[in-house]
Amino acid sequence: MTDLIAIANDHLTAQIHPFGAELWSLVDADGGEYMTDADPAFWTAHAPLLFPIVGALVDDTLRVDATAYTLPKHGFARRNPFTVVEHAADRVVLRLVDDARTREVYPFAFQLDMAFAVEGMTLRMTATVHNPGDVPLPFSFGYHPAFAWPLPGGADKAAHRIVFEQDEPQPIRQIEKSTGLLLPGGAPTPVKGREMPLDAELFRADALIWTDLASRSLSYGADGGAWLDIAFPDSPMLGIWQVPGARYVCIEPWQGHADLVGYAGAFRDKPGVVILPQGASRSFRMDVAVRPA
């Protein structure tokens, strides 16, 4: 297996796998692990990056002008090796660029840089998409980290909750489990004001999805145990998911989402897709601040 890349300070150590630029571990100075145990009975991923799509497309088909391309759920960034372009003791930057294989399924030039840095008790992650091509670049991007549930510190799993920055009274969106496509309409939110107690039953129908989230930060944890303060200032959408019964919960800031059931339009016209001009860049930050028990 390719060696993990470690970055650290006196408070936190993060380990990143260059395949997919995937965060595998976040440990505090006392050895508490804040990421998934990746139990194969549930889900073996850790924190895949979702690019150039978030979620599933109708029939896995990406429509660009008059041409259809086959692109599976969540895109290809998570299935490709990144190159390390910077590495210091407390930070690393990894890069993925287009090649002949990516252009077979996504006919655009791109550069995706993924930066990780530890500052005090915070892991800062910044994904930057650059368009080096000669046509506008349509894309979506999402984070998909699986945090330990329960978190270190000894609090009961059933006591864990998510506290949003703002009230979130709007209905949530759900997906059609057999296809991964977004269902029309909404379902009643499990959020009471700003708080959502966590329970495996929430995920029997798959992910909870907010396509127009008011908050740009939230806290996850339990009284008497550790907390994570998570900020995602550049992402207007959110998914929260687990395989019911697993020892993780995914908290996923997104720019984009799965196709709506029956969607037949072009990819560039889909809600949530960014159209990046030639020579332009756009970044998506996610900060995870650790508050140990």
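Scroll up to find the structure.
Just so it is clear, the structure is predicted and the values come from calculations on it, not from any experiment. By convention here, each chain's residues receive numbers from 1 onward along its written sequence. Per-residue local features of the predicted model are confined to residues with pLDDT of at least 70, and side-chain atom pairs are confined, for both listing and counting, to 80 or more; whole-chain, interface and lining totals are unaffected and use all residues. Side-chain measures here rest on the full set of heavy atoms in the structure, leaving out hydrogens and waters.

Asker: Residue-level account of the side chain of Arg161, with values.
Answerer: In DSSP terms, a helix is any run of H or I states spanning at least four residues, a strand is any run of E spanning at least two, and both are numbered starting from the N terminus. The topology assignment puts Arg161 in strand S14 (residues 161-164). Here a polar contact is recorded for every N or O atom pair within 3.5 Å, except that within protein the pair must consist of a potential hydrogen donor and a potential acceptor, and residues adjacent in sequence are included only if both atoms are side-chain atoms. Within the local environment of Arg161, its side chain forms a polar contact with the side chain of Glu195, the two groups lying 3.2 Å apart.

Asker: Describe the sheet that holds strand S2 (residues 12-17), with residues and values.
Answerer: With respect to topology, three strands assemble into an open sheet ordered S1-S2-S3, the strand pairing being antiparallel. Looking at the sheet topology across the chains shown, the edges are occupied by strand S1 (5-8) and strand S3 (22-28). Neighbour to neighbour, the strand axes of the sheet diverge by 20 degrees on average, direction disregarded. Examined bridge by bridge, S2 and S3 share six bridges and lie antiparallel to one another. Residue Thr13 lies in a different strand from S3, and its bridge partner there is Val27. DSSP calls a pair of strands paired once it identifies at least 2 bridges connecting them. All axes are obtained by fitting lines to C-alpha atoms, using only the stretch in contact for helices, and the reported angles, taken between N-to-C directions, cover 0 to 180 degrees.

Asker: Tell me about the packing of aromatic side chains, residues and numbers included.
Answerer: To pair, rings of Phe, Tyr and Trp, with the six-membered ring standing in for Trp, must have centres within 6.5 Å; the planes then decide the type, stacked if under 30 degrees apart, edge-to-face if over 60, and tilted in the middle. For the structure shown, the criterion picks out 15 aromatic pairs. The interplanar angle of 40 degrees and the centroid separation of 5.7 Å between the aromatic rings of Trp43 and Tyr248 together place this pair among those described as tilted. Taken together, the positions of Trp43 in the loop between S3 and strand S4 (49-50) and Tyr248 in strand S22 (residues 248-255) put the pair 205 residues apart, joining distant regions of the chain. Take Trp43 and Tyr248: they sit in the same class, and that class is buried. Centroid distance Phe51 to Phe76: 6.2 Å. Interplanar angle 90 degrees. Geometry classified as edge-to-face. Residue Phe51 is located in the loop between S4 and strand S5 (61-64), and its partner Phe76 is located in the loop between strand S6 (67-70) and strand S7 (83-88); the two are separated by 25 residues in the primary sequence. Note on classification: 1.4 Å probe, protein chains only; a residue is buried when its accessible area is under 20% of the maximum for its type, exposed when over 50%, partly exposed between these limits.

Asker: Give me the environment of Ala258: which residues, what numbers.
Answerer: In this structure, Ala258 sits in the loop between S22 and strand S23 (274-276). For Ala258, a relative accessible area of 7% puts it in the buried group. Ala258 sits 215 residues away from Trp43 along the chain, and the two C-alpha atoms are 20 Å apart. With near-sequence residues (within four places) excluded, Ala258 lies in contact with Val54, Gly55, Ala56, Gly180, Leu181, Leu182 and Lys270. Contacts: residue pairs with any heavy atoms within 4.5 Å of one another.

Asker: Run through the sheet that holds strand S10 (residues 122-130), naming residues and quoting values.
Answerer: Neighbouring strands of a sheet are bound in pairs by backbone hydrogen bonds; such pairs are parallel or else antiparallel. Pairing is antiparallel in the open sheet, where nine strands are placed in the order S7-S8-S9-S10-S24-S20-S19-S14-S17. Only two strands of the sheet have a single partner each, and these edge strands are S7 and strand S17 (195-197). Taken pair by pair, the neighbouring strands of this sheet meet at an average axis angle of 15 degrees, ignoring direction.

Asker: Describe the pattern of salt bridges, naming the residues involved and giving the relevant values.
Answerer: A carboxyl oxygen of Asp or Glu within 4 Å of a side-chain nitrogen of Lys or Arg is what we treat as a salt bridge. Summed over the entire model, instances satisfying the criterion amount to 14 salt bridges. Note that Arg103 is salt-bridged to Asp98, the shortest N-O span being 2.4 Å. In this structure Arg103 comes out as partly exposed when scored by relative accessible area, which is 39%. Each of Glu119, Arg124, Arg285 and Asp287 takes part in a single network of salt bridges with overlapping partners.

Asker: Can you explain the environment of Ala68? Please cite residues and give values.
Answerer: Mapping Ala68 onto the fold places it in strand S6. As a C-alpha pair, Ala68 and Tyr34 span 34 residues in sequence and 40 Å in three-dimensional space. Beyond its immediate chain neighbours, meaning those up to four positions away, Ala68 contacts Thr61 and Leu62.

Asker: Tell me what's going on with the side chain of Asp113, and back it up with residues and numbers.
Answerer: Turning to its location among the elements, Asp113 is positioned in strand S9 (residues 111-119). With a relative accessible area of 14%, Asp113 lands in the buried category.

Asker: Describe the pairing of strand S8 (residues 91-97), naming the residues involved and giving the relevant values.
Answerer: Pairing of S7 with S8, which is carried by five bridges, proceeds in the antiparallel orientation. Bridge assignment links Thr83 to a residue of S8, and that residue is Arg95. Following S7, the chain reverses through two residues before pairing antiparallel with S8. One ladder, built from seven bridges, connects S8 with S9; its direction is antiparallel. The partner of Leu96 across the bridge, within S9, is Leu112.

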